[in-house]
Each structure stands twice: as C-alpha cells, then as structure tokens.
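Here's the letter readout for the chains.
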Amino acid sequence: MARKRLTGIILILMLAAAGIVWTFTNLSLDEGYETAMAYRFLSGDRLVFEMWEPHQTSAFLTAFLMSLFHGVTGTYEGVILFLHACGIVLRGLVAFFIFKVLKTDFTPEVSGCAAAFFFMISPKDLAMPEFSNLQVWFGALCFLFIILYFRKKNMLYLILSALSLCFEIIAYPSCIIVFIPAMLLIRHYADPEDRARALILYTSVCVVAGFLFLSFVRVAAGPGDILEALENILNQEPSHTVSLWGKFLAYFKDLAWITAVVVGIVFIAIKISSRICGKDAAPKRIKRTSILISNGVMLVLFLVNIISAKDRCFYGILFYYLIILGFVLTRELPFTERRVFYTGTYISIAGFAATLLLTDLPIIVSSPYLVLAVALSVIPIGRFYAMDEDPKLRTGIRIAVFAFVFLLFARCIYIRTPLTGREQICSVLNTDLSLIRKGPAKGMITDDFGARKQVDSYDEFRNLIPEGSNVWIVDTLCDNLGYMYGDYMVSAPSVISDPKFVPGFDRYWNNNPRKLPDVVAVSAYEGELSYEVSVKEAFMKWLKEEYRPVRTVYGRFYHYYFRE
C-alpha cells in the first residue's frame, strides 16, 4: 500500500511539473491563429461573413476566457500565459475525470496511467484550449458520460454525452461522424428496455443543439448568401488542398510504412522470445515474452526520438502499437472492462478519422489525436499484467508501462515548440530560450528570435499604427499576435493570411467595405522583405497596383504600407 501511495505521489508531481513547463513554453503559430480568431469575434466581426477562418467555430471557449482576462486587466498583454494556465487546468480536470470514472472498474494503477497518458499527450503539444485540444477533450467527455450512463442508467449522463459531442463538432466540424459510433455503441450496450428511448434522446439533443447553434450563426452572420460564404471559408486553408484521391493515397502509404515497422518489430520479438523460452515453451509464454520485448524496442525508439528532437510526431508509431496491442489483448477482458475499452477507443478512432477528413497532413503527424485510445490501451494491458503467472514478466510489463509514462514526462520537459514556426520542435539544450517581456505573449518563454520579434514588433506597431486602424498582417508563417498589440481591427478575411489567396480577398472587401485595410504589415527581417512573400506575384501586384500605399515604413520585422 505504501509503495502504491508513493507511486501515486510521484505521478502527480510529474504531471504538475509537466503542466507548469507547458504553461510557460510551447508558444506556437497555431495559438496565434486561435487567439486572433477569438479576438476578432470579441471585436464584433460577424461569423461566416466577416470571418473566413475554417476553424472559427472553435474559438468560443478561447473568446470567453479572453473576455474574462480583458475585463479584469483592460488589456490583452499577457493573455497567452493566462490561456495556457486555463488550458492546463482544463486538461487536468478532464484527466482527473478519466481517473475517477475508470477507478470504479479498474485498479488505481490502470486508472492513473490512463489519466497520465491523456494529460501528457496533446495533438500539437499545446496547452491552450485551441481546436485540436478541444476536440480530444470533448471527445473524452462524450465517452465518459456514455460510460456513466451504461453504469448508472441515468438519462442525464446521456444528455451530457450528446452535448459534449456537439461541442466536439463545434471545435472540429468533421467530428459530426463521431455521432455514428456513439449511436452504435448505445444501441449495442444499452439495456434492451431503454435502448429506443436512449437513441431518440441522444439524437434529439444533438439535433436541437445543432439547430440552436446554426440559428446563432445565422443571426451573427446577418443577411446574405451563406453558401457562397462557406465556399470562401473552405478556400482559406492553404496547407490542406490536395485532391481526395491524393489524400487517401498518401494515407495508404503512411499506414503501409507504419504497419511495416510495427509488424517487423513484433516479428523479430517473436523470433527472439522463441529462442529465449525454448522450443518446448508454451505458446502463451512465448506470446507474453515477445510482447515484453516489443515494448522494450518501442520504448528505446521513443527515447531516441526524444533525444534527437528531430521529428515531433515520430513517437506516434508507439501509439499505433499500443492500440493494436490493446485490441489483441481484449480477449482477456470481462464484459464491463471490454465495454469501456471499446466505447472509448471507437469514439477516439472516429475523431481521428474526422481529423483526417479535413487535413492532408501525414497520418503519423495526426496520430496524437488518438490520445484517448492510447490512454485506454492500458486497460487490456493492465488485465494482461494482472493475469500473468510469471512474476518476472509481470514486473517487466509493469516497468514498461511506467517507463512510457516517464518518457512522456521527459518529452514534456525536454521538447519545446518555438514561436518562429521554422522548426517543429527543439530541445531545451540546443536552443537559446528567452522571456517575452511585452505584448500578448508577455511572460512566455520561447526561442530568442521569437522573443525579439514579439518585443520589437510590439513597439513598432504601437508607435506606427494608430489605435482603431484596420490591419492586415501578411506572412506565409503568420504570427497573428500582432493584431492584439493595440486596439486594431482585423481587416483580412482570414487570419491564416497566406497572400496566395489575394484574388478571393477582393470579393471580401467588396462585400465588407468597412474592412478595407488601413495598414498592411508584410513580414520582413532586418529591413528585407520576406522572400516567401516577395515571390507571391499576385499579392505584390495587388499591393502596388490596387492597394497603392501612400506611405511605406521599413521596420525590423515588418514593412508597413499605409493606405492614407
């Protein structure tokens, strides 16, 4: 008992340390995108018609938190640190909820490991409640409330699950497909006498909530052609523009090499375990030894990945291995435990598939969206560990699980996401880390270049751009925090702000003439215009021939073009 209590204390301290580090670090361009969407919503921009961001519906929670911060402080300076702290608290609450719900059917070790997995794996290694985190958090709540309904037969939990699914869809619209496995799971596991009522109630809540949300969007958008606006929105995602066939072909190639790696490791492990155990060993013993060897190889690969700090998502191979291993070991599970595993895993896989529908990023990059399924893989692994008759194998499996927890913790502490966007990740040892002392990201720690850009640009914007100006920030890797340097209005259709979509922007300004930019801030470095922007012929032509600035100021990180 004392050993288990000590293990629990160590685990809690690790999670707290990881949460503190994440609160002050990992400042990503995607967070600038999320906060800029929330900022323009709080500034009065209308959904759909004046906001063309594909993920605009996900900004509801960020906008609410930012309004609280601004209401208390009267400024947005330091708001990123506040959002990070809120995100860590929310992530911790969801992880604790996972622990509490699972603890009824499973040991504290299994429940604690599942909660730890969930807490320390983030789709983009971000603390902020942005769309990727919201998707997995609300997906987890959808699963947890369904399990509570199965357990307590209380329809209130079913309503809460349906509402959680609706919020997941708002965070990531393609998650509407999660409705299908949710309904199938209820149909399969609900008591026969309550099944029809449960399905009708779940569907009704989703339909009513969806209708109310669409009505709100329609009112916020005002009169106009919504279909045209939606088409414009879908055209604003510059990184996800491959054909459907090309997307599925890329996914097939990704799955092929991931499968080859996993199967190759398992095959070699089986061969090694056969030699270790001997020819006369029972198949069950060979199987368990091979799993232990496979676990060791995967953990070594994870350790190498952390130390190299070269590929942010390579550890996703371990995720696929754990999920597959979980399915393989489900035969060992009694009905109640199997129901928990299948319910959460299918909901997680459906959410992952929803992510793939709206992206053309490699499957390995999107793998952290499977965090709930990864967390629940400890259920069959834990049962497998508990039933093992060999104390050495039992100890080995237990060590492997806790080693994975420790490596996740090490990754949270060692790996950083820099603000520049030029690198996916970097280590704390090979990067100059600096404290941002001004602007929305005040108090955050990032790379030296990112910190200098924030501080210098904050002063430039406030000295050069009058309060209340319509501002468009242009960059191929856009740092959107600049919109919050002062009381500025976002004049761009989308804060993605990739200038290759300029031809479509004219239509936006024709429909919304009040949004025409007073100032266009174009990315530069040490007085030289960004090469990535300068080669955008359509944008440069628009800037010179249609926008026709009357004054240009060459700053350190931006060139400022003033219309009047």
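The shown structure was predicted, so the numbers you read here are calculated from the model rather than taken from an experiment. (Residues numbered from 1 in each chain as written. Predicted model: local features only at pLDDT ≥ 70, side-chain atom pairs only at ≥ 80, totals over all residues. Heavy atoms only, no water.)

Enquirer: When you look at the overall build of the protein in this model, what are you seeing that I'm missing?
Expert: A count of helices and strands for the protein gives 22 helices and 10 strands. Relative to the globule expectation of 24 Å for 564 residues, the C-alpha radius of gyration of the protein, 25 Å, shows essentially globular dimensions. For the protein, the C-alpha atoms occupy an extent of roughly 85 × 55 × 50 Å along the three principal directions. Each of the 564 residues in the protein was classed as buried or not, and the buried ones make up 56%. A separation of at least 24 residues holds for 71% of the contacts in the protein among residues at least 6 apart in sequence. Surface summary for the protein: the accessible area is close to 24,100 Å², and the carbon and sulfur share equals 66%. Of note, the protein has its 54 positive side-chain charges centred 11 Å away from the centre of its 49 negative side-chain charges. (Helix = DSSP H or I, 4+ residues; strand = E, 2+ residues; numbered from the N terminus. Rg over C-alpha atoms; globule rule 2.2 N^0.38 Å. Buried < 20%, exposed > 50% of the residue type's maximum accessible area, 1.4 Å probe, protein only. Contact = heavy atoms within 4.5 Å. Areas by Shrake-Rupley, 256 points an atom, 1.4 Å probe, with all protein chains shown as cover. Lys, Arg positive; Asp, Glu negative; His and termini not counted. Charge placed at Lys NZ, Arg CZ, Asp CG, Glu CD.)

Enquirer: What exactly am I supposed to notice about the packing of helix α1 (residues 2-24) against helix α4 (residues 79-103) here?
Expert: Close contact between α1 and α4 brings their axes to 8 Å; oriented N to C, the two are set at 150 degrees. Taken together, the axes of α1 and α4 are roughly antiparallel relative to one another. Judged by the sense of rotation from one axis to the other, the crossing of α1 with α4 is right-handed. Residues Gly-19, Trp-22, Thr-23 and Phe-24 of α1 pack against Leu-81, His-84, Ala-85, Ile-88 and Arg-91 of α4. When grouped by side-chain class, the residues that make up the contact of α1 with α4 number five nonpolar, three polar and one charged. (Axes fitted to C-alpha atoms, helices over the stretch in contact; angles between N-to-C directions. Parallel < 35°, antiparallel > 145°, perpendicular 65-115°, else oblique. Left-handed = near helix turned anticlockwise from the far one by under 90°. Nonpolar A, V, L, I, M, F, W, Y, C, P; charged D, E, K, R; others polar.)

Enquirer: Looking at this model, I keep getting lost on the pattern of salt bridges. Mind explaining?
Expert: Where charged atoms from two side chains of opposite charge approach closely, those side chains can pair. Counting across every chain of the model gives 18 salt bridges. Note that Lys-124 and Asp-30 form a salt bridge whose closest N and O atoms lie 3.3 Å from each other. Of this pair, Lys-124 sits in the loop between α5 (108-120) and α6 (131-152) while Asp-30 sits in helix α2 (residues 29-42), placing them 94 residues apart in sequence. Among the ionic pairs, Arg-411 bridges to Asp-125, the shortest N-O distance being 2.9 Å. In this pair, Arg-411 sits in helix α18 (residues 391-414) while Asp-125 sits in the loop between α5 and α6, placing the two residues 286 residues apart along the sequence. Asp-125 shares its class with Arg-411; the two are buried. Here the salt bridges do not stand alone but share partners, grouping Arg-40, Asp-45, Arg-46, Glu-50, Glu-53, Arg-514 and Lys-515 into one network. (Salt bridge = Lys/Arg side-chain N within 4 Å of Asp/Glu carboxyl O.)

Enquirer: Help me understand the environment of Ala-209, please; the structure alone is not making it clear to me.
Expert: One can find Ala-209 in helix α9 (residues 195-221). For the pair formed by Ala-209 and Ser-366, sequence separation is 157 residues and the distance between their alpha carbons is 28 Å. Sequence-distant contacts of Ala-209, that is, excluding residues within four places in its chain, are made with Leu-163 and Cys-166.

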